[in-house]
Amino acid sequence: MVRKSIDSIHTRISDLKGNVLHILDLIPLSTSSVAPTFSIAAAYGVMVSLAGPQAIMSTFLTAIPFILVALIFRQFNIHYPNSGASYYWSTKIIGKKFGAFQAWVVTLAYFFSIPPIVIPAGEYTLALLYSLRIISHSVYSSRFWVAFSGIIWIIISAIPLILGAKPTARFTETFLIIELIILGLFLGFGFTNFKVINSFNISWFFDPNVNWSRIILAMIVAATIVDGWEIDSYSSEESKKPRQWPGLSGIIGLISVLIIYAITMPLMTIETPLNSLSGSVDPLFTWAQNIVPSYAWLINLAVLTSTASSLWLTAFILSRAWYAMARDNLLPSIFGWIHERFRSPWANILIISGLNILINTLMLVSPSVQSFFTIVLGTAGIFLAMEFFLDSISGIVFFWFKHKPMGRESLKEHVHWIYRMISVLSSLGLGTIVILGLYFSPFTIGQEFIYIFVGLLVFSILLVYRSKK
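Each chain carries its own residue numbering, running from 1 in the written order of its sequence. The predicted origin of the model limits local features to residues at a pLDDT of at least 70 and limits the giving and counting of side-chain atom pairs to 80 or more, whereas totals for whole chains, interfaces and linings rest on all residues. Excluding hydrogens and water, the side-chain figures rest on all heavy atoms present in the structure.

A. Examining the environment of Y88 more closely. A run of H or I in DSSP counts as a helix once it spans at least four residues, and a run of E counts as a strand once it spans at least two, with each numbered from the N terminus. If you trace the backbone, Y88 turns up in helix α5 (residues 86–93). The classification of residues rests on relative accessible area computed with a 1.4 Å probe and restricted to protein chains. Under 20% of the type maximum is buried, over 50% is exposed, and intermediate values are partly exposed. Using a relative accessible area of 21% as the deciding quantity, one classes Y88 as partly exposed. When the C-alpha positions of Y88 and A103 are compared, they lie 8.4 Å apart, and in sequence the two are 15 residues distant. We call two residues in contact whenever any of their non-hydrogen atoms come within 4.5 Å of each other. Those residues within four positions of Y88 in sequence are excluded, and the remaining contacts are Y80, N82 and D328.

B. Structural detail: the packing of helix α3 (residues 36–51) against helix α11 (residues 212–222). Whenever a helix is involved, its axis is fitted only over the stretch in contact; in every case the axis is a line through C-alpha atoms, and angles between N-to-C directions fall within 0 to 180 degrees. Following both chains from N to C, one finds α3 and α11 inclined at 170°, their axes separated by 8 Å at the closest point. Judged by the inter-axis angle, α3 sits roughly antiparallel to α11. Between α3 and α11, the residues in contact are A43, V46, M47, S49, L50 and A51 and R214, I215, L217, A218, V221 and A222, respectively. Partitioning the contact of α3 with α11 into residue classes produces 10 nonpolar, one polar and one charged. Any angle between 65 and 115 degrees counts as roughly perpendicular, while under 35 counts as roughly parallel, over 145 as roughly antiparallel, and the rest as oblique. Throughout, the ten residues Ala, Val, Leu, Ile, Met, Phe, Trp, Tyr, Cys and Pro are labelled nonpolar, Asp, Glu, Lys and Arg are labelled charged, and all others, Gly among them, are labelled polar.

C. Geometry of the nonpolar core. Here, nonpolar core refers to any group of buried Ala, Val, Leu, Ile, Met, Phe, Trp, Tyr and Cys residues whose side-chain atoms link them within 4.5 Å. Within the largest apolar cluster, 150 residues are counted, with the highest numbers of intra-cluster contacts made by Y44, Y110, F186, W229, Y261, M325 and F383. For this core, the element with the highest residue contribution is helix α16 (residues 297–327), accounting for 18 residues. Those residues in contact with F383 that lie beyond four places of it in its chain are V105, L108, A109, F453, L456 and L457.

D. View of the layout of surface pockets. For each structure, a 1 Å grid was placed over the protein atoms alone; sets of points admitting a 1.4 Å probe that cannot get out are labelled cavities, open sets with protein on both sides within 12 Å along at least five of seven lines are labelled pockets, and lining residues have an atom within 4 Å of a point. Grid points are joined across faces, edges and corners, and a volume is the space filled by probe spheres set on the points. Reported here for the second largest pocket is a volume of approximately 350 Å³. Surrounding the second largest pocket, 15 residues form its lining, W104, T107, W322, L331 and F335 being those nearest its centre. Where the lining of the second largest pocket is concerned, the elements lending two or more residues are α6 (96–111) and α21 (460–468). For the lining of the second largest pocket, the element with the most residues is α6, which contributes four residues. Along the lines of polarity and charge, the residues of the lining of the second largest pocket split into 13 nonpolar, one polar and one charged.

E. Summary view of empty space enclosed by the protein. Across all of its chains, the model carries one cavity of 30 Å³ or more by this definition. What lines the largest cavity is I114, I154, S157, L161, L311, A315, I349, I352, S353 and N356. Listed by contribution, the elements that provide at least two residues to the lining of the largest cavity are α9 (143–163), α16 and α17 (346–362). With four residues, α17 is the largest single contributor of residues to the lining of the largest cavity. Taken together, the residues of the lining of the largest cavity sort by class into seven nonpolar, three polar and no charged.

F. Main features of α6. Multiplying 1.5 Å by the helix residue count minus one yields the expected span of that helix. Between its first and last C-alpha atoms α6 spans 22 Å; for 16 residues at 1.5 Å apiece the expected length is 22 Å, and the two agree. Within α6, 12 of the 16 residues are buried, which leaves it mostly tucked inside the rest of the structure. When α6 is considered as a whole, its buried residues turn out to be G99, A100, Q102, A103, W104, V105, V106, T107, L108, A109, Y110 and F111.

G. Geometry of the pattern of salt bridges. Salt bridge criterion: a side-chain nitrogen from Lys or Arg within 4 Å of a carboxyl oxygen from Asp or Glu. Tallying each qualifying case throughout the model produces five salt bridges. One salt bridge in this structure joins R170 and E173, with 2.8 Å as the shortest N-O distance. Highlighted residues: R170 and E173, both in helix α10 (residues 165–192), separated by three residues, approximately one helical turn. A residue is classified by how much of its surface remains accessible, and E173, at 16% relative accessible area, is buried.

H. Structural view of the side chain of H79. Turning to its location among the elements, H79 is positioned in helix α4 (residues 55–79). For H79, a relative accessible area of 1% corresponds to the buried category. We call two N or O atoms a polar contact when they sit within 3.5 Å, provided that within protein one can donate a hydrogen and the other can accept it, with sequence-adjacent residues counted only if both atoms are side-chain atoms. A distance of 2.8 Å separates the side chain of H79 from the backbone oxygen of Q75, its partner in a polar contact.

I. Seen up close, unusual backbone geometry. Phi at A85 is positive, roughly 40°, even though this residue is not glycine. Considering the arrangement of structural elements, one finds A85 in the loop between α4 and α5. Judged by its relative accessible area of 0%, A85 falls in the buried class. The phi angle at R343 is positive, at roughly 55°, despite the residue not being glycine. Judged by relative accessible area, R343 falls into the partly exposed class, the value being 22%.

These figures capture arrangement, not role.
This is how it looks when you write it as structure tokens:
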């Protein structure tokens, strides 16, 4: 009887469908997972309220350690392509206990990243319908209908995920094309109907004399809009060339998004009053209303497509990470169940969807939707920065102590001096972001956040204990 049940588990924990994703699939996945239009709409107003026009500088200062850790991801994918990515690398390089701890950090980072996407997805859906006069103002401003719309998006996003990696890539590419066409259209409007409200100043990109405490606060927010590109690492086992494309496509996706930010953010700042940007819950729409009021509703469609694809891609990352953890017996076997036809971790997708429907429903009883949103978003931001910090620590251990030639590399012994420096610099940068994020959290997130952070970390003990077995 025991033997039969073990065989049943092994038939369920099988392989993902490999050799399906081309680099032309991975680059859109990495770009869309960052969700450039949604990121600007959700974060730029808050950043301007904190740092003024130097919010642009805050974005690119934050991007530096993320670019460095993206280079580390590239090397890790060359050596150890695995759907567990961060979790697997730390286990392989440092050890099971450290890997189990990072598995919990990865879980918290991506799980808490989903509700801050679901809530705006509901809000942008209602905003689009209201701007088209399909719904009334009472429906548009109703907390119930925001939650209901979010739940609909959770259900919709589960469909491409269950169908597998290739359908998910096709859905993503379609949504990304729509997003970029609309954003490009408004950038065209912005340049052709150029209105200078705030004259451009080089200090927006570099100014050593700014108020650094406010810049740091904006950088903490910016950390939430320069992640997501790492999805290609979590889809490495489903890639056609797992040692060549994952990691490379992530770097291309991150740079592509930074180029979008470098064009869009300054243009918005030039053409929109700063008090309008800082006081807006959707600064992209505020900017669009300033340049072409009659077509401003279209920008909501771009933000909605960006939000939707970011929603299922974040769930994609978590589903693959959980699958790898189950395959290594760190999580119960249900997290490794693979759909027989579509070769997707369908049980993970249903678990993620069910938990997010529950959280979205809890929003209805929260005293303040904004407070609820801020705490969940802050939790996701801190743990995402912490995940990349732990990856940088793995990079230090790997490149300084445990590197061995393998994969496409030469078989002779050699040293990656550049990556040794990169791992140290990225660790310092990301570690600083985590420390400052926690230090300023009472002001940016809430007085109770430190207790939430410590309480969530305590549960990592369960995975560390399980790793010993």
